[in-house]
Amino acid sequence: MRFVVAALGIWLLTVSAFAQQHPTPLDSNATSATCISCHENKTKAKAVHPATEKGCLSCHEVRVSKDVTRVKLITATPAKLCLQCHANKDSAQIKGHVHGPSARDCLQCHNPHGSDHKDELLKSSSGSTTAENLCLTCHNTGMSIPKDGSRHAALDLGCDTCHVTHKAGDPANLEFAYHLTKSSPALCLDCHDAGDAGLVKAHRGQPFGKSDCLSCHDPHQSARPKLMQAFVHPPFGENLCEVCHEPAKNGKVVLAPAGVKEICVGCHAEQAEKIEKSKFQHPGAQGDCTDCHNPHAGRSRAFPKPDGVNLCLTCHADQAEQQSKRVLHQPAFQQGCTTCHDPHGGEHPKLLRAEGNAVCTECHSTTATHGKLESAHMVTLFDGKVQVPENYFADQHVARFDLKDGVGHPVARHPVTDVHDPANPTKIKTPLGCLSCHQPHAGGARAMLVKDLPPSLQFCRGCHLENFGAD
C-alpha cells in the first residue's frame, strides 16, 4: 500500500511539473529573478541543490499561450532532467545491481530544490520510524523484532553508515549487491574489535577476524539472539563445535581428524550417496561440501554461500551473462537455482527436478498442487523437495494457466506439448514444449520468449505464417 500511495504522489508531482497552469500570469521572457520573488524559500534550505544557483530556467521553462502561463520542465521527465548533470547515475549505462528508486525517479528520494537533509534527501536516512527515516518508506528493516529476537544497534546510526545508495557493480559481490561502503568483514570491523575478549569468548576461541560475518549474522535484525541468520546448522546452533572442530591452533581453525567431506557425511550420508550414484551427476558436488555450503548458518536453507544464485554463477559463467538481459526469471536470479535444479544429482537431464514441461507447470499451472508447512509459513514444490514462502505466488505475481489435455497457453486451444499426427497418433508431427517459445532463465522482453523477441504477431509468425501472413 505504501508503494501505491508513493507512486500516486509521484504521478501527481510529475503531472504538476509537466503541465500545471501557473497561478500568476508571466511574461514569456520571465527570468529567474521573477521566480525567486515568490519562491525565495527554494533557496533557503540547509542543503540547496547546486542547480538552483544556475537559475530556475536551467531546469524549468515558461510557456505562455493565449494568456495562459504554464511552467514545465525542459525535459520529458524529471529523471531525464537529473541525468543531464548526473549522467553517472544513469541506470541504463550502469553494469550491475542498481538501487531500484534511482532507476525510476530521483524525486522518490530527493527534493529537486533543497531540503534540511544532506544530498537534498526528502528525509534523513536515520531514525526508527517511517516519519523519520527515508529508507523505511520502502524497507521495513528493524521495525518488527520478534520477542526473543535481536536488532543491530548500528541501525540507529543511520542506513548510510553501512550503505551507499548509488553504489553499483557486479551483483555477485555482496558489496555491490547490497550497496555497502565496503565488504564484510572489513565493514564490521570498523565498529567491532576482533580482539575484544567478549567476542573471542562468544566465538569459542575460534579465529573469526577474517571470516565473513554475514555468513552467520544478519546485519539488521533476527528472530534469534545475537543476530543469528534465519537458518542455522544444528551443531553450530547447539554449541556443539567440538563435533567438527578441535581447539584453534596458532590462530587457525583446526577441524576434527576426519576431513571436511567425511565430517559432513557422518550426518548426511544420503546426500553423499546421491552425489555418487545419481543418473545425472553434478561435477560441482564432487569436492568438499564447504565449497558450496557454509557450515554454520545462512540466509536460506542448506546455507549456500554466498547465496543460492551467486554460488552457482561462480561456475556457470554462461548463465551469469544472462543477467544483462532486460527480464530475469525470478527463480533463477532471486529465489535460487535449486528451485528447478537438484544440486547434488538427479534422474533428469540438466539436474532438473522433473521432466520437460513438468518443471515449468509446477509453478505455472493452476492444476499443480503444493504441500503446506503451516508452522514455517512455507509451501513445498516438487513433492516437498523445495520450499518457498507461503505468499510466494502472490508476491511474485506468478502467471498461472489453466492447462488441460496438453492445451491452454497462450490461448485456450493452443497446444503446449507435442502435437501428434492425426493420421498416425503414435507419430509426433510437431515437437513442442515450454522451451519451444520461452527461455528458462532470462529474456529481452516480457515472457522471456526465444530470440529475445517481445510477445507479438511477429513472434507467432515463426510457426503460423499461414495464419498471419508475412510482414
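Residues numbered from 1 in each chain as written. Predicted model: local features only at pLDDT ≥ 70, side-chain atom pairs only at ≥ 80, totals over all residues. Heavy atoms only, no water.

A.B. asks: What's the story with the state of the cysteines in this structure? I'm lost.
C.D. replies: Covalent bonding between the sulfur atoms of two cysteines defines a disulfide. Summed over all chains, the structure comprises 0 disulfides. You can see C191 has no disulfide; the closest cysteine sulfur is in C162, sitting 6.9 Å from it. Of all cysteine sulfurs, the one in C264 lies closest to C244, which takes part in no disulfide; the gap is 6.9 Å. (Disulfide = S-S within 2.5 Å.)

A.B. asks: Before we go on, may I ask you to explain unusual backbone geometry in this structure?
C.D. replies: A negative phi angle characterises most non-glycine residues, just as the trans form characterises most peptide bonds. Looking along the chain, the bond that leaves S184 and enters P185 is cis, with omega of 10 degrees. Residue placement: P185 occurs in the loop between helix 6 (174-177) and helix 7 (197-202). Here the residue pair H409 and P410 is connected by a cis peptide bond, since its omega of 5 degrees sits within 30 degrees of zero. Of note in this structure, L227 is not a glycine but carries a positive phi near 55 degrees. Here L227 shows up in the loop between strand 6 (221-222) and strand 7 (231-232). Look at D383: it is not a glycine, yet its phi comes out positive at around 55 degrees. Inspection of the secondary structure assignment puts D383 in the loop between strand 13 (378-381) and strand 14 (386-389). Accessibility expressed as a relative area gives 77% for D383, which makes it exposed. (Helix = DSSP H or I, 4+ residues; strand = E, 2+ residues; numbered from the N terminus. Buried < 20%, exposed > 50% of the residue type's maximum accessible area, 1.4 Å probe, protein only.)

A.B. asks: Hey, could you run me through the side chain of S102 in this one?
C.D. replies: Among the secondary structure elements, S102 is positioned in helix 5 (residues 100-104). The buried category is assigned to S102, whose relative accessible area is 16%. Looking at S102, its side chain comes within polar contact range of the main-chain oxygen of H99, at 2.6 Å. When sequence neighbours within four positions are dropped, the list of residues in contact with S102 reads K89 and H166. (Polar contact = N/O pair within 3.5 Å; in protein donor to acceptor, adjacent residues only side chain to side chain. Contact = heavy atoms within 4.5 Å.)

A.B. asks: Please explain the packing of aromatic side chains as it appears in this structure.
C.D. replies: Both the distance between ring centres and the angle between the ring planes are used here to describe each pair of aromatic rings. One pass over the full model with this rule turns up 1 aromatic pair. Above the face of the F393 ring, R400 is positioned so that its terminal group lies 4.8 Å from the ring centre. (Phe/Tyr/Trp six-rings, centres within 6.5 Å; stacked < 30°, edge-to-face > 60°. Lys NZ or Arg CZ within 6 Å of the ring centre and 35° of its normal.)

A.B. asks: I would appreciate a short explanation of the confidence of the model for the protein in the present structure.
C.D. replies: Note: predicted coordinates in regions of low pLDDT should not be interpreted at a detailed level. When pLDDT is averaged along the protein, the result is 90; 95% of the residues meet or exceed 70. Taken together, the stretch residues 1-17 has pLDDT below 50 and engages in 13 contacts with residues farther than four places along the chain or on a different chain. (pLDDT = per-residue confidence, 0-100.)

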